[in-house]
Amino acid sequence: MTRVKAAAALLGSLAASLAWPGGLAERGLRPDFLLLFSLGAGLLGGARAGFAGGVLAGILAAPLTLEPFGLDAALLGACGLLSGELRHFFSAVHPGVQGTLAGILFLGTSLLRLLLLEISGAPVASLGLLPAVLAGTAATAAAAPVVLLLLDALSVFRTPERGRPVLV
């Protein structure tokens, strides 16, 4: 992993998140490009790169969200670490694996955020946000193969595999 390429990919992920059309984002149809960055770091670079990439992506995104500082870093770091550990069991370049894992991670982090909203007693009706969460899950899962293909083609996180057996 070259640090310059990783920094450029991280900033590109943030720019893609900010430049996404507002009409689609209001309906929840916005891929989480920072989660996809940490997923790509984990699947293509390993658990260590996934954790570091996720934490950096979360720190970069934290000032743009209303969530407690550090929550994004913890969630995205955990997603990158988990995807790095799971890459030993599945093919990191298989689009089905990428989309499924991205959807599961997005849904899990989003439901955790909704649970935290509910526990904190926020005036937001968290159950009313479920359709937007499901739309975001579908958008993130659909965007995952394209984003990870770009990260792989640019060799941002690629490390050589050493003949490990995979399930898919």
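Just above, that's the structure.
Small disclaimer: the values here were computed from a predicted structure and weren't measured.

A. Quick peek at the layout of surface pockets. By volume, the largest pocket is sized at about 1000 Å³. Taken together, 27 residues line the largest pocket, and the ones lying closest to its centre are R30, T65, E67, S110 and R113. Sorting the residues of the lining of the largest pocket by element identifies α1 (3–19), α5 (71–86), α6 (95–120) and α7 (130–153) as the ones contributing at least two each. The element that contributes the greatest number of residues to the lining of the largest pocket is α6, accounting for six residues. A class-by-class count of the residues in the lining of the largest pocket yields 17 nonpolar, five polar and five charged.

B. Structural context of the nonpolar core. Ranked by internal contacts, the top residues of the largest apolar core, which has 28 residues, are L34, L36, L39, L151 and F157. Counting residues per element, this core draws most heavily on helix α3 (residues 33–45), at nine residues.

C. Just the packing of α3 against α7, in detail. Contact geometry of α3 with α7 gives a least axis separation of 9 Å together with a crossing angle of 55°. With respect to their mutual orientation, α3 and α7 come out oblique. The hand of the α3/α7 crossing is right-handed. On the side of α3, the interface is formed by F33, L35, L36, F37, L39, G40, L43 and L44, while α7 contributes T140, A143, A144, V147, L148, L151 and D152. Among the residues forming the contact of α3 with α7, the class breakdown is 12 nonpolar, two polar and one charged.

Parameters and conventions
- Residues numbered from 1 in each chain as written.
- Predicted model: local features only at pLDDT ≥ 70, side-chain atom pairs only at ≥ 80, totals over all residues.
- Heavy atoms only, no water.
- 1 Å grid on protein atoms, 1.4 Å probe; cavity = no way out; pocket = protein on both sides within 12 Å on 5 of 7 lines; lining within 4 Å.
- Points joined across faces, edges and corners; volume = space filled by probe spheres on them.
- Helix = DSSP H or I, 4+ residues; strand = E, 2+ residues; numbered from the N terminus.
- Nonpolar A, V, L, I, M, F, W, Y, C, P; charged D, E, K, R; others polar.
- Core = buried A, V, L, I, M, F, W, Y, C linked by side-chain atoms within 4.5 Å.
- Buried < 20%, exposed > 50% of the residue type's maximum accessible area, 1.4 Å probe, protein only.
- Axes fitted to C-alpha atoms, helices over the stretch in contact; angles between N-to-C directions.
- Parallel < 35°, antiparallel > 145°, perpendicular 65-115°, else oblique.
- Left-handed = near helix turned anticlockwise from the far one by under 90°.
- Contact = heavy atoms within 4.5 Å.

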